[in-house]
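Structural description and commentary
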Amino acid sequence: MSPQLPLALKFPPDQRFDGFVGNEPVRDLVACIATGDLDDWLYLVGPPGSGKTHLLLAACAEAQARGRRAAYLPLASVVGRLSEVLDGFDETMLVCVDGLDAIAGERADEVALFHFHNRARAANTMVIYAARLAPNELPLVLPDLGSRLGQCVRLQLDMLDDDGRRQVLQQRAARRGLELDDAVLDFLFKRVGRDLATLTGLLDRLDKASLAAQRRITVPFLKQALDLS
């Protein structure tokens, strides 16, 4: 049996299509692949924080909800052992491969992905790739892999602006029964930063702290909870 550690996860409720903020046409196309309404292979390209992982996880969740076998594979967690991990994946209906950048330059992993790509095509498995760079920009050592990746439909995602980040944070907070007003968000952007992964990662911590203290999330509460002044 192939290792399942990076794959057998429960897809987070925050990362669904209805919670995606960003390029809506791209979201809708990814959703059509997840539901089986389209059979294109996709290649999502964009910087960190542009929503690539969100869409891949949402696609897997949607496919599974419709009774379709799906798997999410973050390549950064399997560098150097991709061949054993990919064994049997072409039998899955949808495979979402995240972070191609992580294996670029790792010849054995590139060869494993190349063979998986060919097997999946033959088996009519749908694949969605995601990376920070376009196929022709990845520092691949296997030209044939770059050629295969270049045949996918390429979709561009851009970094969210501050309004988009606010919307994401407020949506995720609302799902937890929290309210983040503009003063709180202004404080977080100034003192914690604008990195979306860092900010969303704080929500669980703030949720627990707010519940334990039975207090609303305000700027004074943030200073205390995050030990900031």
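Only a predicted model underlies this, so the values are computations on that prediction, with no experimental measurement involved. (Residues numbered from 1 in each chain as written. Predicted model: local features only at pLDDT ≥ 70, side-chain atom pairs only at ≥ 80, totals over all residues. Heavy atoms only, no water.)

What follows is about the packing of helix α4 (residues 107-122) against helix α5 (residues 143-150). Packed helix pairs are characterised by how far apart their axes lie and by the angle those axes make with each other. Look at α4 against α5: their axes get within 9 Å of each other, and the N-to-C directions meet at 40 degrees. Classified by the angle between their axes, α4 and α5 sit oblique to one another. Regarding α4 and α5, the two cross each other, and that crossing is left-handed. Facing α4, whose interface residues are Glu110, Leu113, Phe114, His117 and Asn118, α5 presents Asp144, Leu145 and Arg148. (Axes fitted to C-alpha atoms, helices over the stretch in contact; angles between N-to-C directions. Helix = DSSP H or I, 4+ residues; strand = E, 2+ residues; numbered from the N terminus. Parallel < 35°, antiparallel > 145°, perpendicular 65-115°, else oblique. Left-handed = near helix turned anticlockwise from the far one by under 90°. Contact = heavy atoms within 4.5 Å.)

It is worth spelling out the sheet that holds strand β4 (residues 126-131) at this point. Strand pairing in a sheet relies on backbone hydrogen bonds. The paired strands run either parallel or antiparallel. If you walk across this open sheet you meet the 5 strands as β2-β3-β4-β1-β5, and the pairing is parallel. For this open sheet the edge positions go to β2 (70-74) and β5 (153-156), each flanked by a neighbour on one side alone. Mean inter-strand twist for the sheet, computed between neighbouring axes without regard to direction, equals 15 degrees. As judged from the 4 bridges shared by strand β1 (residues 42-45) and β5, these two strands associate in the parallel manner. Bridging across to β5, Leu44 finds its partner in Leu155. On top of the sheet, α4 reaches β3 (94-98) and β4; it is set at about 145 degrees to β4, its chief contact. (Pairing = 2+ DSSP bridges.)

What follows concerns the pairing of β1. Burial along β1 is two-sided: Leu42 and Leu44 facing one way and Tyr43 and Val45 facing the other are all buried. Across 4 bridges, β1 lies against β4 in parallel orientation. Residue pairing for β4: Leu42 is matched across the bridge by Ile128. (Buried < 20%, exposed > 50% of the residue type's maximum accessible area, 1.4 Å probe, protein only.)

In this section: the environment of Ala209. Its location among the elements puts Ala209 in helix α8 (residues 196-213). Each C-alpha atom of the pair Ala209 and Ala225 lies 6.8 Å from the other, and the pair is 16 residues apart in sequence.

β4 sits mainly inside the fold: 6 of its 6 residues count as buried. Side chains Met126, Ile128 and Ala130 project from β4 onto one buried face, and the interleaved Val127, Tyr129 and Ala131 project onto a second face that is buried too. Bridging between β3 and β4 involves 5 bridges; their strand directions are parallel. For Cys96, the partnering residue across the bridge sits in β4 and is Ile128. One crossover worth recording links β3 to the parallel β4 by way of α4, and it is right-handed. (Right-handed = clockwise from strand over helix to strand, strands pointing away.)

Here we come to the pattern of salt bridges. Counted by the stated rule, this structure contains 10 salt bridges. Residue Arg165 is joined to Asp162 by a salt bridge in which the shortest nitrogen-to-oxygen separation is 2.9 Å. Taken together, the positions of Arg165 and Asp162, both in helix α6 (residues 162-175) and 3 residues apart, correspond to about one turn of that helix. A relative accessible area of 12% places Arg165 in the buried class. On the basis of relative accessible area, Asp162 is assigned to the partly exposed category, the value being 25%. For Arg166, the salt bridge is made with Asp186, and the minimal N-O distance between the two is 2.3 Å. Separated by 20 residues along the polypeptide, Arg166 in helix α6 and Asp186 in helix α7 (residues 182-191) bring together distant segments of the chain. Owing to a relative accessible area of 17%, Arg166 belongs among the buried residues under this scheme. Each member of the salt-bridge network shares a partner with another, and the members are Asp14, Asp18, Arg175, Arg176 and Asp204. (Salt bridge = Lys/Arg side-chain N within 4 Å of Asp/Glu carboxyl O.)

The subject of this paragraph is the state of the cysteines. Scanning the model with the defined rule gives 0 disulfides in all. Not engaged in a disulfide, the cysteine Cys152 finds its nearest cysteine sulfur in Cys96; these two sulfurs lie 12 Å apart. Residue classification places Cys152 among the buried residues on the basis of a relative accessible area of 7%. (Disulfide = S-S within 2.5 Å.)

A separate point is α6. Here α6 contains 14 residues, and its C-alpha end-to-end distance of 20 Å stays within 8% of the 20 Å for a straight helix at 1.5 Å per residue. Among the residues making up α6, those that are buried are Gly164, Arg165, Arg166, Val168, Leu169, Arg172 and Ala173. Its side-chain oxygen 3.2 Å from the backbone nitrogen of Asp163, Asp161 forms the N-cap of α6. Directly after α6, the chain includes Gly177, whose backbone phi takes a positive value near 80 degrees. (Expected span 1.5 Å × (residues − 1). Polar contact = N/O pair within 3.5 Å; in protein donor to acceptor, adjacent residues only side chain to side chain.)

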